[in-house]
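Single-letter residue listing:
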2 protein chains.
Amino acid sequence: MSAQIDPAALLSRISFDADGLVAAIAQQHDSGEVLMMAWMNRDAVAETLTTGQVCYWSRSRGKLWRKGESSGQRQRLVDLRVDCDGDTLLVLVDQDGVACHTGRRTCFYTAARPEGLVEVAPVLVPPEQLYGA
Amino acid sequence: MSAQIDPAALLSRISFDADGLVAAIAQQHDSGEVLMMAWMNRDAVAETLTTGQVCYWSRSRGKLWRKGESSGQRQRLVDLRVDCDGDTLLVLVDQDGVACHTGRRTCFYTAARPEGLVEVAPVLVPPEQLYGA
């Protein structure tokens, strides 16, 4: 997809919550792997569409979070979809390296199984390598 | 997966929000298609794990929402995963028919493209057939 999309149409379709945020699910575009879920505000949605690099809103830091800015693990936008009631986005991305701050490809690495909680995805990059020692 | 999983371990890992809810992404287990995003409370998580049928919490109706109860479009639980910070679940399901109340397979059928918002998934079941005339 072109990195240059006017965000006006999408923004008018989104129902931002009381904090001005919308949930955003990141999915690897070709493998279908669900990588993470985060939040976007209007500025993050607009920046993502106009730059083609995925940008979230960090609720903990209270500022725009250009994914990969410190870790290098960027997400290139492939397609951006909104759900039927406008309160969730599905962001199809091409993920550089790993999405999770633990160094795993996906944040969803813990499964509830009969034997208890089981880790189902390995650490691919040591976290200290992602964020410096 | 077995339909009989003790929910205690998973419940202790989840960070429910101020309303007692956790976001839950439903993904078709084999195709990888992201179907919908909804919410669960403690009871919905426990019921899903113990019955093997996916149950959400309906924020609009203020009660448990046994997916497919009225439409017949049920979700059988295949695997349930929690993310690294415990505030989002990934529910791998086997979806009967369609997930969206509009009669589409997925709720994420609207894409932001250079030419505007584009529908990328067809209506497979007329909504009036899902919920009666």
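A quick note: this is a predicted structure, and the numbers were derived from the prediction, not measured.

Things to note about the overall build of chain A
Logical step 1: Along chain A, the regular secondary structure elements total 3 helices and 8 strands.
Logical step 2: When the elements of chain A are put in sequence order from the N terminus, they spell out α-β-β-α-β-β-β-β-β-β-α.
Logical step 3: The C-alpha atoms of chain A give a radius of gyration of 15 Å, which matches the 14 Å a tight globule of 133 residues would have.
Logical step 4: Intrachain contacts of chain A at a sequence separation of at least 6 include 45% that bridge at least 24 residues.
Logical step 5: As presented, chain A carries roughly 5,900 Å² of accessible surface, and 46% of it is formed by carbon and sulfur atoms.

Brief notes about the interface of chain A and chain B
Logical step 1: Contacts between the two partners involve 37 residues from chain A and, on the opposite side, 38 residues from chain B.
Logical step 2: If you look at where chain A meets chain B, you find 4 salt bridges.
Logical step 3: Here Asp 79 of chain B makes a salt bridge to Arg 113 of chain A, at a shortest N to O gap of 2.6 Å.
Logical step 4: The tally of links from chain A across to chain B stands at 12 residue pairs in polar contact (both at pLDDT 80 or more).
Logical step 5: Those elements giving two or more residues to the side of chain A that touches chain B turn out to be α1 (8–13), β1 (22–28), β2 (34–40), β5 (75–82), β6 (88–95) and β7 (110–113) of chain A.
Logical step 6: In terms of residue class, the side of chain A that touches chain B is built from 23 nonpolar, 7 polar and 7 charged.
Logical step 7: Relative to strand β5 (residues 75–82) of chain B, β7 of chain A is paired through 2 bridges, and the arrangement is antiparallel. Bridge pairing in β5 of chain B links Ala 111 of chain A to Arg 81 of chain B.

A short note on the relation of the copies chain A and chain B
Logical step 1: With an RMSD of 0.0 Å, the fit of chain A onto chain B corresponds to turning through 180° and sliding 0.0 Å along the axis. Taken together, these values place the two copies in the relation of a two-fold axis. Considering only C-alpha atoms, the part of chain A nearest the rotation axis is Gly 32 of chain A, at 2.5 Å.
Logical step 2: A symmetric contact is evident, with 100% of the interface residues of chain A recurring at the interface of chain B.

So, the UniProt feature "domain: Phosphoribosyl-AMP cyclohydrolase" (unreviewed entry) in chain A
Logical step 1: The positions that UniProt labels "domain: Phosphoribosyl-AMP cyclohydrolase" (unreviewed entry) are, in the present scheme, residues 36–109 of chain A.
Logical step 2: The span residues 36–109 of chain A is 14% helical and 39% strand by assignment, and the distance between its end C-alpha atoms comes to 10 Å.

Notes on helix α2 (residues 42–51) of chain B
Residue and element names in this part refer to chain B.
Logical step 1: Every buried residue belonging to α2 is among Ala 44, Val 45, Glu 47, Thr 48 and Leu 49, and all of these are buried.
Logical step 2: You can read the cap of α2 off the contacts: a side-chain oxygen lies 3.2 Å from the backbone nitrogen of Asp 43, and it is on Asn 41.
Logical step 3: Looking one or two places after α2, you find Gly 52, whose phi comes out positive at around 80°.

A few points about the environment of Gln 27 of chain B
Logical step 1: Checked against the element boundaries, Gln 27 of chain B lands in strand β1 (residues 22–28).
Logical step 2: Gln 27 of chain B gets classed as buried once you look at its relative accessible area, which sits at 6%.
Logical step 3: The sequence separation of Gln 27 of chain B and Thr 106 of chain B amounts to 79 residues, and the corresponding C-alpha distance is 9.5 Å.
Logical step 4: Excluding residues within four positions of it along the chain, Gln 27 of chain B makes contact with Gln 27, Gly 32 and Val 34 of chain A together with Gly 32, Glu 33, Val 34, Leu 35, Leu 90, Val 91, Leu 92 and Val 93 of chain B.
Logical step 5: Within the structure, Gln 27 of chain B has its side chain in polar contact with the backbone oxygen of Gly 32 of chain A (distance 2.8 Å).

Remarks on the state of the cysteines
Logical step 1: On inspection of all chains with the given rule, the structure shows 0 disulfides over all chains.
Logical step 2: Here Cys 55 of chain A is not cross-linked by a disulfide; its sulfur's nearest cysteine counterpart is in Cys 107 of chain A, at 17 Å.
Logical step 3: Here Cys 55 of chain A falls in the buried class, since its relative accessible area comes to 1%.
Logical step 4: For the unlinked cysteine Cys 84 of chain A, the closest cysteine sulfur is that of Cys 100 of chain B, found at 3.7 Å.
Logical step 5: Given a relative accessible area of 26%, Cys 84 of chain A falls into the partly exposed group.

Rules behind the numbers
- Residues numbered from 1 in each chain as written.
- Chains lettered and ligands numbered in written order.
- Predicted model: local features only at pLDDT ≥ 70, side-chain atom pairs only at ≥ 80, totals over all residues.
- Heavy atoms only, no water.
- Helix = DSSP H or I, 4+ residues; strand = E, 2+ residues; numbered from the N terminus.
- Rg over C-alpha atoms; globule rule 2.2 N^0.38 Å.
- Contact = heavy atoms within 4.5 Å.
- Areas by Shrake-Rupley, 256 points an atom, 1.4 Å probe, with all protein chains shown as cover.
- Salt bridge = Lys/Arg side-chain N within 4 Å of Asp/Glu carboxyl O.
- Polar contact = N/O pair within 3.5 Å; in protein donor to acceptor, adjacent residues only side chain to side chain.
- Nonpolar A, V, L, I, M, F, W, Y, C, P; charged D, E, K, R; others polar.
- Pairing = 2+ DSSP bridges.
- Least-squares fit on C-alpha atoms with pLDDT ≥ 70 in both.
- UniProt positions renumbered as here; feature names shortened; annotations may be inferred.
- Buried < 20%, exposed > 50% of the residue type's maximum accessible area, 1.4 Å probe, protein only.
- Disulfide = S-S within 2.5 Å.

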